[in-house]
Amino acid sequence: MITRVLHWVYVSVMLLAGLYLSLLGAYLVYLGGSIYYVVAGIATLMLVRQLVRGDSSAARNYGILLAVTLIWSVYESGGSFLSLLPRLAFWMVLGLWFYSACYRNTLRSHGVAADYRWLSVAQLGSTAVLLVAALQTHEVHSEGTRRSVAPDNPVSDWRHYGNSVGGTRFAELEQINSANVKGLREVWRYRTGVEHDFKMTPLQVGKLLYICGAKNVLIALDASSGKEVWRHDPEAEPPAEHQYARTCRGISYVEAPPDYSGECPTRIVTGTVDARLIAVDAKTGARCEGFGDKGQVDLRRGMGSHSPNKYYLTSPPLVAGTRLVVGGLVLDNQNLGLPSGVVRAFDALSGEFSWAWDMGNPGHYGEPDEGEEYTRGTPNVWSLMSYDPELELIYAPTGNAAPDYFGGARRPFDDAWSSAVVALDANSGEPRWKFQTVHHDIWDYDVPAQPVLVDVDRDGESIPALAVPTKMGEVFLLDRRDGEPVFAVEERRVPQEPAAGEYLSPTQPFSPLPHFHPYRHEKDMWGLTPIDQLLCRVEYKSMRYEGLYTPPTVKGTFQYPGNFGGFNWGSVSVDADNGLLVAAPMMLGNRTLLVSPERVAEAGAVAARLLGDDHPAVHLNPADPLPEMGAPDPGDPYDHRHIKYYGLTMPFMSRLGTQVPCFEPPWSQLAVIDLNTKELMWTRPVGSMKNSGPFNTRSGIDWWQVGTPIRAGTLTTRGGLIFLSSTMDSTVRAFDLRSGEVKWSADLPGSGQATPMTYQSDGRQTLIVTIPNPSWRYPRDPGTGTYTDSANPRDGKGGYVIAYALDED
């Protein structure tokens, strides 16, 4: 009885698989895709017939199907283990049935025996191929440039977000090095007591380590012991409607000149989530009352009327000589007329206004006249800026004007300054040069990362260069004196035929450096089994995709890389001694869809998130008629009717609920590029699936690096090491700079969302990693899309600051 039940269960599984593969596989062929699935489906249905009849040839024929699948898998995958596994494992597991006592008993009842030769050969062959693929390791192509460096008074503090004002994320320390890093151990840990986000890289100066928690709570710790020294709560009031509304990514340290005799000769400055600059004494945490108005500067001044969630700061002010320079986060939105993307400078000691760069008002660098405001809706600078004190130039990475995915309503100056790096005169705010990474950006490919200063050798000359990482997974290398590419940039023709009312640039710039945006073919679509892999292939073939810069469409577009990158705000680090760049890009793709305003209005409450609270469609009742769009007012550049389409974008994940991307790993990589020669030294996936898996499970698989998404950046040291703590597997790792070999790792209480940092205090080099409270999750109302504080598990202890060092002799 049990044998019969199991037999018919297996037959039912095979029947369902055969029908699914045949029908959906036929549709894939209709779309121009692979014929494998329909062939496999038909073969499976034929096997079902043989199983029902007790035909002894079923095992042999299944072996033939597995052998054909093996050949096809190797052909498509190129020998990649993670490409082979979902293609083969499904069939290998199902094939084990033929070795079971149930199957043999079924055949015995029909008076026949199975022929296992084909099946055994196919099973052994598949196993061997998977084992060989699993043993492959990353290749080292080059050891890169080695300059002769004579260390002279190495900097031991970490005074800026990226260690230097140039954002190098490079520490001139080598007490911890590739030979002894395996001896690192935790020496102290601290809990902030602040809930919500904790995404910041600390600063360290002298005896103190400085951090900021959510809502810009400032804390100073003893750099040697981790004991709290002082705390300052600015009582910031963040808007609840946006997921970054509590984020403090970093803070700034300001030191007055030697002849200064006023208060707060050293100070910590934060740009707050309610749009203020606040300065406190670095020694005591007390407000610097002489800074602005009783220790604060109101950044909403000159911005016009707007709701609090439309403009605030998450990135630290740039310290450029005697000035603090700020941009700001302007809420990604589908409306026109958002707050200005103006960049402003203030005196670092007095808080007095210095200058403003308002790209919609060229030639004017002062505050707006009374009754006026900075130009609305211009591209903003939400990420970190960098500074060259010798050239007195500020390098500002710009975003794009709203809306993100439809640019038909943009003004000429919006297009001129969007998605670019702009060099500003630190004394006046006047633009000196710009380099645009995307022309007429309708992909939300704003420049998200801090440009990084690095000197490179070219034709026997040392060139002061600027590395600009982008969401496209490219790095542009520019001469930071004039913005000219160090290596020739090619303008290539890109896909055209946009949606009605849109226009496109016929070409886009492509960097000659190694990139991280491979063309995604149908064979690159992925899944845990052929079942979800087939569905992902059908969806891929149903969308428009012609490579990078395929325009958004009403039909739907596969956008790769997606709007999260590529590179994001974690930027890159460099080995400043040798001109080597350490890249940790994500390799994620999105579905992007254009929707008319009328169709969006049908979505009801979701329209609030897509269109913004002030859009008329948001306030419709379900019984109301759809809005008559009509013609826009030509005299009103902010009339929402100028927008023909709204863009919807979402990760390209399996629709079967597996929570697995529809394209094969790696979903991130760690790589080193020699900027002197353009050589890719090595690249490897980083991050395991131990804390993640299908259907939101924890797989516990730690032995294989699949390349999980990376949420921040890398730290590079003179000791020949790269540190990374923001993979989604709750692990901090140290890699050998020259080979990519993992030299040390440690488990963390959660996955990091910030770049590690290091310093030397009291003669001991310390590595610092910050981790959000893993019990904290963004609470989001699925109807309104807003973020709230209610009904969330938290232990009240806040995020972690964890220190590692070598044992003291």
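Placed above this text is the structure.
Small disclaimer: the values here were computed from a predicted structure and weren't measured.

**Student:** An account of the state of the cysteines is needed here, citing residue identities and associated values.
**Tutor:** Scanning the model with the defined rule gives three disulfides in all. In this model cysteine 264 forms its disulfide with cysteine 288; the gap between the sulfur atoms is 2.2 Å. The sign of the -115 degrees torsion about the S-S bond sets the cysteine 264-cysteine 288 disulfide as left-handed. Pair noted here: cysteine 264 is in the loop between strand S7 (252-255) and strand S8 (266-271) and cysteine 288 is in the loop between strand S9 (276-281) and strand S10 (296-298), with a separation of 24 residues, a long-range link. In this structure cysteine 264 comes out as buried when scored by relative accessible area, which is 4%. In this model cysteine 536 forms its disulfide with cysteine 662; the gap between the sulfur atoms is 2.0 Å. Of note, the bridge from cysteine 536 to cysteine 662 carries an S-S torsion of about -65 degrees and is left-handed in sense. In this pair, cysteine 536 is assigned in helix H8 (residues 530-542) and cysteine 662 in the loop between strand S30 (646-651) and strand S31 (670-674), connecting sequence segments 126 residues apart.

**Student:** Lay out the side chain of arginine 169 in plain terms, naming residues and giving numbers.
**Tutor:** Mapped onto the elements of the fold, arginine 169 is located in the loop between helix H6 (117-134) and strand S1 (170-171). Within the local environment of arginine 169, its side chain forms a polar contact with the backbone oxygen of glycine 167, the two atoms lying 2.6 Å apart.

**Student:** Describe the pattern of salt bridges, listing the residues and the values that go with them.
**Tutor:** Tallying each qualifying case throughout the model produces 34 salt bridges. For arginine 537, the salt bridge goes to glutamate 76, with nearest N and O atoms at 2.4 Å. Pair noted here: arginine 537 is in helix H8 and glutamate 76 is in helix H3 (residues 58-77), with a separation of 461 residues, a long-range link. The exposure classification of arginine 537 matches that of glutamate 76, with both residues buried. What you see here is one network of salt bridges that share partners, running through Glu76, Arg87, Glu522 and Arg537.

**Student:** Tell me what's going on with unusual backbone geometry, and back it up with residues and numbers.
**Tutor:** What is expected of a backbone is that most residues other than glycine have negative phi and most peptide bonds are trans. A cis geometry characterises the amide bond from glycine 565 onward to glycine 566, with omega recorded as 10 degrees. Here glycine 566 shows up in the loop between strand S26 (557-559) and strand S27 (573-575). The residue after proline 665, namely proline 666, is reached through a cis peptide bond having omega 5 degrees. Within the secondary structure, proline 666 is located in the loop between S30 and S31. With a phi close to 55 degrees, arginine 169 is a non-glycine residue in the positive phi region. Owing to a relative accessible area of 0%, arginine 169 belongs among the buried residues under this scheme. At serine 730, a residue that is not glycine, the phi angle is positive and equals roughly 55 degrees. As for its position among the elements, serine 730 is in the loop between strand S36 (721-724) and strand S37 (731-736). Residue serine 730 is classed as buried on the basis of its relative accessible area, which comes to 10%.

**Student:** Hey, could you go over the sheet that holds strand S13 (residues 323-326) for me, with residue numbers and the actual values?
**Tutor:** In space, the four strands of this open sheet follow the order S12-S13-S15-S16, with antiparallel pairing throughout. The open sheet is flanked by strand S12 (318-320) and strand S16 (353-357), the only strands paired with a single partner. Neighbour-to-neighbour, the strand axes of this sheet turn through a mean angle of 25 degrees, independent of strand direction. Where strand S15 (residues 343-347) and S16 come together, four bridges link them in antiparallel fashion. What sits directly across from arginine 344, in S16, is alanine 356.

**Student:** Requested: an account of the packing of aromatic side chains, with residues and values cited.
**Tutor:** As enumerated under the stated definition, the model contains 33 aromatic pairs in all. With a centroid separation of 5.1 Å and an interplanar angle of 55 degrees, the aromatic rings of phenylalanine 435 and phenylalanine 476 are classed as tilted. Here phenylalanine 435, found in strand S20 (residues 431-436), pairs with phenylalanine 476, found in strand S23 (residues 475-479); they are 41 residues apart in sequence, far enough to count as distant. Residue classification places phenylalanine 435 among the buried residues on the basis of a relative accessible area of 11%. By relative accessible area, which is 0% here, phenylalanine 476 ends up buried. Residue placement shows lysine 434 over the ring face of tryptophan 417; its charged tip is 5.0 Å from the ring centre.

**Student:** Can you tell me about a nonpolar patch on the surface, naming the residues and giving the values?
**Tutor:** Together, Val5, Val9 and Val13 make up an exposed nonpolar region whose accessible area comes to about 230 Å². By secondary structure assignment, the location of valine 13 is in helix H1 (residues 2-30).

**Student:** An account of the packing of H1 against helix H2 (residues 36-53) is requested, with residue identities and associated values reported.
**Tutor:** One can describe the packing of H1 onto H2 by two numbers: an axis separation of 7 Å at closest approach and a directional angle of 155 degrees. Relative to H2, H1 is oriented roughly antiparallel. Relative to H2, the crossing made by H1 is left-handed. Broken down by class, the residue content of the contact of H1 with H2 amounts to 18 nonpolar, six polar and no charged.

The rules we used
- Residues numbered from 1 in each chain as written.
- Predicted model: local features only at pLDDT ≥ 70, side-chain atom pairs only at ≥ 80, totals over all residues.
- Heavy atoms only, no water.
- Disulfide = S-S within 2.5 Å.
- Helix = DSSP H or I, 4+ residues; strand = E, 2+ residues; numbered from the N terminus.
- Buried < 20%, exposed > 50% of the residue type's maximum accessible area, 1.4 Å probe, protein only.
- Polar contact = N/O pair within 3.5 Å; in protein donor to acceptor, adjacent residues only side chain to side chain.
- Salt bridge = Lys/Arg side-chain N within 4 Å of Asp/Glu carboxyl O.
- Pairing = 2+ DSSP bridges.
- Axes fitted to C-alpha atoms, helices over the stretch in contact; angles between N-to-C directions.
- Phe/Tyr/Trp six-rings, centres within 6.5 Å; stacked < 30°, edge-to-face > 60°.
- Lys NZ or Arg CZ within 6 Å of the ring centre and 35° of its normal.
- Patch = residues over 30% accessible without salt bridge, like charges linked within 9 Å, V, L, I, M, F, W, Y side chains within 5 Å.
- Areas by Shrake-Rupley, 256 points an atom, 1.4 Å probe, with all protein chains shown as cover.
- Parallel < 35°, antiparallel > 145°, perpendicular 65-115°, else oblique.
- Left-handed = near helix turned anticlockwise from the far one by under 90°.
- Nonpolar A, V, L, I, M, F, W, Y, C, P; charged D, E, K, R; others polar.

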